[in-house]
Amino acid sequence: MVRPVARTPSGLFPAGPPHRPTYREPHPVTGGGVAAGGGTAAAWLLLFGLLGTDVASYAWWTVVAGLLAWSSALVLVRHGDRGVATGVAIVTAGGWSIAAAVLAVRWAGSGDWPLW
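Residues numbered from 1 in each chain as written. Predicted model: local features only at pLDDT ≥ 70, side-chain atom pairs only at ≥ 80, totals over all residues. Heavy atoms only, no water.

Visitor: Sorry, what's going on with the packing of aromatic side chains here?
Guide: Here the distance between the centres and the angle between the planes together describe a pair of aromatic rings. Under the definition given, this model contains six aromatic pairs. Following the ring pairs from residue to residue traces out a cluster consisting of Trp60, Trp107, Trp113 and Trp116. (Phe/Tyr/Trp six-rings, centres within 6.5 Å; stacked < 30°, edge-to-face > 60°.)

Spelled out as structure tokens, the structure:
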């Protein structure tokens, strides 16, 4: 009597539960979380930027606000929602880029470094 050769299933039709456990992330990154973090960071940088009375103070306030925002993003990455942390980090980097562009334009126009 000839026995048929056992074939490995293709996986198209599962034959049972998976052999290894499936882990689910408790806080998956979602578009809403990224948008919420980005909106919050934009408002945060705007409020701190409005404290500046000239280009130099605007730049320093933006740097301080960005450092505080990134420290909160680091905490969120470790203990909270990574999507919100991503939005905070992206918008903070954009805010720092805007501040750097403002400084560069002022420096190019006056020939004097505006921060000190």
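Back to the write-up after that little detour.
Visitor: For this particular structure, what's the right way to read the environment of valine 77?
Guide: Topologically, valine 77 is positioned in helix α2 (residues 55-79). The residues contacting valine 77, other than those within four sequence positions of it, are Arg82 and Ala85. (Helix = DSSP H or I, 4+ residues; strand = E, 2+ residues; numbered from the N terminus. Contact = heavy atoms within 4.5 Å.)

Visitor: Looking at this structure, I do not really get the side chain of threonine 92. What am I missing?
Guide: Mapping threonine 92 onto the fold places it in helix α3 (residues 82-110). The class for threonine 92 is buried, based on a relative accessible area of 0%. A distance of 2.7 Å separates a polar side-chain atom of threonine 92 from the backbone oxygen of valine 88. Ignoring anything within four residues of it in the chain, the contact list for threonine 92 reads Ala41, Leu45, Gly66, Ala69 and Trp70. (Buried < 20%, exposed > 50% of the residue type's maximum accessible area, 1.4 Å probe, protein only. Polar contact = N/O pair within 3.5 Å; in protein donor to acceptor, adjacent residues only side chain to side chain.)

Visitor: Sorry if this is basic, but what is going on with the packing of helix α1 (residues 31-49) against α3 here?
Guide: Between two packed helices, both the angle of their axes relative to each other and the distance between the axes serve to describe the pair. Following both chains from N to C, one finds α1 and α3 inclined at 40°, their axes separated by 6 Å at the closest point. Comparing the axis directions of α1 and α3 gives the class oblique. The crossing of α1 and α3 is right-handed. Residues Gly33, Val34, Gly37, Gly38, Ala41, Ala42 and Leu45 of α1 lie in contact with α3, whose contacting residues are Gly83, Val84, Thr86, Gly87, Val88, Val91, Thr92 and Gly95. Its residues assigned to classes, the contact of α1 with α3 comprises seven nonpolar, eight polar and no charged. (Axes fitted to C-alpha atoms, helices over the stretch in contact; angles between N-to-C directions. Parallel < 35°, antiparallel > 145°, perpendicular 65-115°, else oblique. Left-handed = near helix turned anticlockwise from the far one by under 90°. Nonpolar A, V, L, I, M, F, W, Y, C, P; charged D, E, K, R; others polar.)

Visitor: In this structure, what is going on with the side chain of serine 57? I would like to understand it.
Guide: Inspection of the secondary structure puts serine 57 in helix α2. Side chain to side chain, serine 57 and aspartate 54 meet in a polar contact 2.7 Å long.

Visitor: Mind showing me how you'd approach α2 here?
Guide: Side chains three or four residues apart in an α-helix point the same way, a direct result of the helix having 3.6 residues per turn. Taking 1.5 Å as the rise per residue, α2 with 25 residues should run 36 Å; its terminal C-alpha atoms sit 36 Å apart, in good agreement. Taken residue by residue, α2 has Val55, Ala56, Ser57, Ala59, Thr62, Ala65, Gly66, Ala69 and Ala73 as its buried positions. Check the buried side of α2 and you find it contacts α1 and α3. (Expected span 1.5 Å × (residues − 1).)

Visitor: Explain the packing of α2 against α3 here, please?
Guide: Contact geometry for α2 and α3: axes closest at 9 Å, N-to-C directions at 165°. As judged from the angle between their axes, α2 and α3 are roughly antiparallel. The way α2 lies across α3 gives a crossing that is left-handed.

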